[in-house]
Amino acid sequence: MGLLSDPVRRRALARLVLRLNAPLCVLSYVAGIAWFLALAFPPLTQRTYMSENAMGSTMVEEQFAGGDRARSLARDFAAHRRKSGALPVAWLERTMRSVGLEVYTQSFSRKLPFPDETHERYMVSGINVYGILRHLAASTESLVLTVPCGPDSTNSQAVGLMLALAAHFRGQIYWAKDIIFLVTEHDLLGTEAWLEAYHDVNITGMQSSPLQGRAGAIQAAVALELSSDVVTSLDVAVEGLNGQLPNLDLLNLFQTFCQKGGLLCTLQGKLQPQDWTSIDGPLQSVQTLLLMVLQQASGRPHGAHGLFLRYRVEALTLRGINSFRQYKYDLVAVGKALEGMFRKLNHLLERLHQSFFFYLLPALSRFVSIGLYMPAAGFLLLVLGLKALELWMQLHEAGVGPEEAGENPPHPLTQGVGLASLVAPLLVSQAMGLALYILPVLGQHVATQHFPVAEAEAVVLTLLAIYAAGLALPHNTHRVVSTQAPDRGWMALKLVALIYLALQLACITLTNFSLGFLLAASMVPAAAITKPSGPRYVLLSPHCRARTPPHGFYLTRSSSPPGASAPPQGALRCPAGADEPSSYTPGQLVPVAGAAGGTALPDRGLAALPGHAGPGRAGAPHLRRPALPTAGSGPLPLLAALLERALLEVTEAAGSSPRSLLPRK
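This is a predicted model, so every value here is computed, not measured.

The rules behind these values
- Residues numbered from 1 in each chain as written.
- Predicted model: local features only at pLDDT ≥ 70, side-chain atom pairs only at ≥ 80, totals over all residues.
- Heavy atoms only, no water.
- Core = buried A, V, L, I, M, F, W, Y, C linked by side-chain atoms within 4.5 Å.
- Buried < 20%, exposed > 50% of the residue type's maximum accessible area, 1.4 Å probe, protein only.
- Helix = DSSP H or I, 4+ residues; strand = E, 2+ residues; numbered from the N terminus.
- Contact = heavy atoms within 4.5 Å.
- Pairing = 2+ DSSP bridges.
- Phe/Tyr/Trp six-rings, centres within 6.5 Å; stacked < 30°, edge-to-face > 60°.
- Lys NZ or Arg CZ within 6 Å of the ring centre and 35° of its normal.
- Axes fitted to C-alpha atoms, helices over the stretch in contact; angles between N-to-C directions.
- Parallel < 35°, antiparallel > 145°, perpendicular 65-115°, else oblique.
- Left-handed = near helix turned anticlockwise from the far one by under 90°.
- UniProt positions renumbered as here; feature names shortened; annotations may be inferred.

**Student:** Please explain the nonpolar core as it appears in this structure.
**Tutor:** A general feature of soluble globular proteins is that nonpolar side chains tend to end up buried together. Leu92, Leu161, Phe181, Leu224, Val236, Leu318 and Leu361 are the most contacted members of the largest nonpolar core, which totals 70 residues. Here this core takes 10 residues from helix α5 (residues 156-170), the largest share from any one element. Those residues within four positions of Leu361 in sequence are excluded, and the remaining contacts are Val238, Leu248, Leu251, Leu267, Thr288, Leu289, Met292, Arg366 and Phe367. Ranked by size, the runner-up nonpolar core spans 38 residues in total, among them Ala376, Ala492, Ala520 and Ala521.

And the structure:
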């Protein structure tokens, strides 16, 4: 505490922080990116393991042998679907009843926010068909095997395998949970309609009929997608809605039975690395990790399982891939893997909770826990903290009194800035975010009712209107912040913005690491490099009068007496666009014409505010906003002023007098 309470030590700490801030920011950003890439290497990855005791052993004997029946059912389903042009509900009901299931249907409809460009329709309606295999005891828990059927998807083999598994499961007596066999229409729409009706909620405004039959609380679910009778590998999808992931034990269970049955299992379409000692294994893990991060950051559910995760149901999607690999597997091998998974899930005494819910997967056999990947985002967010600390130190050092600052009194610009002046920019920013969230949908309804535009065009026009209105935000912020202390106002505004951005990115990273990390990696450099500044200042000789100034204020530096008829021998020459001595005192800010609220005076290049002193007086610096260069001044005055300022800075840094470097008159 003595380090912070002692003014001398505090100033020394501030100087150290200001001097090392830029290298520390660069080092922290590079460390965050390097840490993230290093997650794919074995020192930072762990081997997957089963945490749930009830699923720790795979010593079950899979007896499924209904491959021929599955293929026959798949052909019948495809034929009836082609004949009816939609989901063959009657055939599904008849087939499910024939294998001994309780069969129910559910109709649903959903109004699309945009018309379907393929069929030009606003309403989507369909029917879900599901059958329940009851066990002997009370229906308190259940498992789900679902097959989504879209209008263009070829998932006939999955329906056939599901019905064959239902017939096989019906002949077993060891089931302790109900098993629901669900066929949904329109992919995710049908799945969401069934889940909302099953849990008696309405989140998306779906119109659906109530369910006539229910089972117990759903413990786990598996979505199956097959496009061929023969598969070369099974790809698993784990990314759910808003980046939510299932319990890692469910993924470990799938991998275990794939290894037991000799099935090739892939993640993000890539096989597991075989050789971790060479560079090929880690490089493949980096690719798999980046693909998972991109999938998770999108926030979309990459399969029907993603909607189950919203209801605290652990689920994943299995996709059969038929590629040009050497090994081929039929539906019997896939059915045995599914049978083994459901038999192990049947042993669960409670919901899956032992293993991780937050993880990254560089490979199916390895994972990265939350305690290892969060430092990567922490290093990126540290950059915002360091920049905020730098701004706070600058504001603090600029606001100290003359007795505390010693020989370095505060700059006349660094006067106090109230926090009330920052309320308006922050409120406007929040209002813009709220408008971007609400107005597109509201503008869609208003535009379609009163103007001859389509829904998509209405949303685009609304977004353009919001963007055009947002162009006034920097202008209004400049008017509010730069009234009293422009430099301190912008610095304080950026300080608050950096803290707010860091908090938002931290919250996003906790819920969806991939989205938070990608946002931080792209936004942190821009937020850190952007330097706030108020009006600009140009160094001039005290004997120059601004006629057509380049921009900003003129800051006189010499201590020569004002009002002199001619510059003394060896004085700085006036740049182009400014001549004749003025009555400004040395070191005083000289405003230029065109300030907001001021009156421009001809041939003087100055502006006076009502009620304040005129040009050449001490009250002239009360102008609100500097003007831009005039169109007639040209680039030469600005270039001359910039060259003179650079010359002053170079000579002062070298310790020599600037007067001796300029030609004499």
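**Student:** It is not clear to me how the sheet that holds strand β2 (residues 102-111) should be interpreted in this structure. Could you clarify?
**Tutor:** Sheet strands pair by backbone hydrogen bonding; their relative direction is either parallel or antiparallel. Overall, mixed pairing links the nine strands, which are arranged β6-β2-β3-β5-β4-β7-β10-β8-β9 in an open sheet. Either end of the sheet is taken by a strand with one partner, and the two such strands are β6 (207-208) and β9 (265-267). With two bridges connecting them, β2 and β6 associate as antiparallel partners. For Phe108, the partnering residue across the bridge sits in β6 and is Ser208.

**Student:** What's the story with the packing of aromatic side chains in this structure? I'm lost.
**Tutor:** The geometry of an aromatic ring pair comes down to the distance between the two centres and the angle between the two planes. Under the defined criterion, the tally for this structure stands at 14 aromatic pairs. A ring pair is formed by Tyr174 and Trp175, whose centres lie 5.0 Å apart and whose planes are at 55 degrees; its orientation type is tilted. Residue class for Tyr174 comes out partly exposed when judged on its relative accessible area of 29%. What links up through ring pairs into an aromatic cluster is the set Phe169, Tyr174, Trp175, Phe181 and Phe342. When the ring centre of Tyr174 is taken as reference, the NZ or CZ atom of Arg343 above it lies at 4.3 Å.

**Student:** How do you make sense of the packing of helix α3 (residues 67-84) against helix α4 (residues 89-98) when you look at a structure like this?
**Tutor:** Helix packing geometry: the angle between the two helix axes and the distance between the axes. Viewed as axis vectors pointing N to C, α3 and α4 meet at an angle of 155 degrees, and their least axial separation amounts to 9 Å. With respect to α4, the element α3 is oriented roughly antiparallel. Crossing hand, α3 versus α4: right-handed. Within the contact between the two elements, α3 uses Leu73, Asp76, Phe77 and His80 and α4 uses Trp91, Leu92, Arg94 and Thr95.

**Student:** Hey, could you run me through the UniProt feature "transmembrane region" (unreviewed entry) in the protein in this one?
**Tutor:** According to UniProt, the "transmembrane region" (unreviewed entry) feature falls on residues 20-41, 356-384, 417-439, 451-473 and 493-521. Taken end to end, residues 356-384 is 52% helix and 31% strand, and its two terminal C-alpha atoms sit 30 Å from one another.

**Student:** Explain the side chain of Asn252 here, please?
**Tutor:** Mapped onto the fold, Asn252 is located in helix α7 (residues 248-261). Given a relative accessible area of 3%, Asn252 falls into the buried group. Every residue in contact with Asn252, bar those within four places of it in the chain, is listed here: Thr48, Tyr49 and Met50.

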